[in-house]
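# Coordinates in review
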Amino acid sequence: MSTTAPALGTFSFRPLDPLADAELLHGWVTHPKAAFWMMQDARLEDVEREYMAIASSEHHHAFLGLLDGEPAFLMERYDPRHIELVGLYEPEPGDVGMHFLVAPTDTPVHGFTRAVITAVMGELFADPATRRVVVEPDVANKAVHALNEAVGFVPEREIQKPEKKALLSFCTREQFEAATGAA
């Protein structure tokens, strides 16, 4: 699926190639702006290993987000019944977990990250089986909380994950459509 964002271009997605894309991803996940990704000290081999593990999982998938065909962001989709949130909340049928990371840039474009999360959510909801998107960002990541709210997420509660204190939030298809005008 592709989505056109006025004044920005066309967003599309392709499966991440853990080896071919590792160098690109390494630059993204180790950048200071990706501190909440928790891979600041990762070596190239660590990134390859992490994304090879994701590629071999039936419950976790990584995609490279493209803007007009060029890599611009990363999207991960996971099944919270098996990955990330096991035992931390009661999953419902149709729940899909999501992470996204925008590539660092020296020339930020106003509205770009919001357009990315909107495209990510549109991609997730393009699957008719997706009823609700679940996220668990770090409680300190105020910027992503605002972005999540802008696309319809509603915080439920703080949870303690092994690596962080997180804000468990949910967004139904209806909440996404109401927040963004998407249909």
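Residue positions within a chain follow its written sequence, with the count starting from 1. Given that this is a predicted model, residues contribute local features only at a pLDDT of at least 70 and side-chain atom pairs are listed and counted only at 80 or more, while totals for whole chains, interfaces and linings are drawn from all residues. Heavy atoms throughout the structure, all of them, feed into the side-chain values; hydrogens and water do not.

## A look at the side chain of Asp95
- On the secondary structure map, Asp95 appears in strand β5 (residues 95-102).
- Using a relative accessible area of 9% as the deciding quantity, one classes Asp95 as buried.
- At 2.7 Å, the side chain of Asp95 and the side chain of Tyr89 are in polar contact.
- In what follows, residue pairs with any heavy atoms lying within 4.5 Å of each other are defined as contacts. Apart from the residues within four sequence positions on either side, Asp95 is in contact with Pro80, Tyr89, Arg132 and Val134. Put simply, DSSP marks the helices as runs of H or I at least four residues long and the strands as runs of E at least two long, and each gets a number from the N terminus on. Each residue is assigned to one of three classes by its accessible area relative to the maximum for its type, calculated with a 1.4 Å probe on protein chains only: buried under 20%, partly exposed between the two thresholds, exposed over 50%. Here a polar contact is recorded for every N or O atom pair within 3.5 Å, except that within protein the pair must consist of a potential hydrogen donor and a potential acceptor, and residues adjacent in sequence are included only if both atoms are side-chain atoms.

## Topic: the confidence of the model for the chain
- pLDDT measures how confident the predictor is about each residue, on a scale from 0 to 100. Overall, the prediction assigns the chain a mean pLDDT of 93, with 98% of residues at 70 or greater.
- When mean pLDDT is taken per element in the chain, strand β6 (residues 132-135) scores highest with 98 and strand β1 (residues 2-5) scores lowest with 71.

## Regarding the nonpolar core
- What is meant by a nonpolar core is a set of buried Ala, Val, Leu, Ile, Met, Phe, Trp, Tyr and Cys residues, joined one to another through side-chain atoms within 4.5 Å. Phe11, Met98, Phe100, Val120 and Met121 are the most contacted members of the largest nonpolar core, which has 29 residues in total.
- Those elements giving two or more residues to this core turn out to be β2 (9-15), β3 (60-67), β4 (70-78), β5, α3 (112-125), β6 and α4 (142-150).
- Per element, the largest residue contribution to this core is nine residues, and it comes from α3.
- By size, the runner-up hydrophobic cluster in this structure holds 17 residues, among which are Ala34, Trp37, Leu66 and Leu74.

## Notes on the pattern of salt bridges
- Each salt bridge in this description consists of a side-chain nitrogen of Lys or Arg and a carboxyl oxygen of Asp or Glu lying within 4 Å of one another. One pass over the full model with this rule turns up 14 salt bridges.
- The salt bridge partner of Asp46 is Arg49, with a shortest N-O separation of 3.2 Å. Of this pair, Asp46 and Arg49 are both found in helix α2 (residues 44-55), three residues apart, which corresponds to roughly one turn of the helix.
- Residue Asp46 is classed as partly exposed on the basis of its relative accessible area of 21%.
- Asp79 serves as the salt-bridge partner of Arg81, at 2.6 Å between the closest nitrogen and oxygen.
- Under the relative-accessibility criterion, Arg81 is labelled exposed at 52%.
- The network of salt bridges with common partners includes Glu84, Glu136, Lys161, Glu163 and Lys164.

## Brief notes about the environment of Asp95
- For the pair Asp95 and Phe170, spaced 75 residues apart in sequence, the C-alpha to C-alpha distance is 9.0 Å.
- Of note is the side chain of Asp95, whose polar atom sits 3.0 Å from the backbone nitrogen of Glu92.

## Quick notes on α2
- One less than the residue count of a helix, multiplied by 1.5 Å, gives the span that helix is expected to have. Across its 12 residues, α2 extends 16 Å between first and last C-alpha, which sits within 8% of the 16 Å expected from 1.5 Å per residue.
- Val47, Tyr51 and Ile54 are the residues of α2 that are buried. For α2, the arc enclosing every buried residue in end-on projection is 45 degrees, short of the 170-degree limit, so these residues lie on one face.
- Those residues of α2 hidden inside the fold are in contact with α1 (22-29), β3 and β4. Think of it as the arc spanned by the lines of direction from the helix axis to the C-beta atoms.

## Points about the packing of aromatic side chains
- Ring geometry is summarised as follows: Phe, Tyr and Trp rings, the Trp one being its six-membered ring, pair when their centres sit within 6.5 Å, and such pairs are stacked at plane angles under 30 degrees, edge-to-face over 60 and tilted between the two. The tally for this structure, following the rule as stated, stands at five aromatic pairs.
- Taken together through their ring pairs, the aromatic side chains of Phe11, Phe13, Phe73 and Phe112 make up a single cluster.

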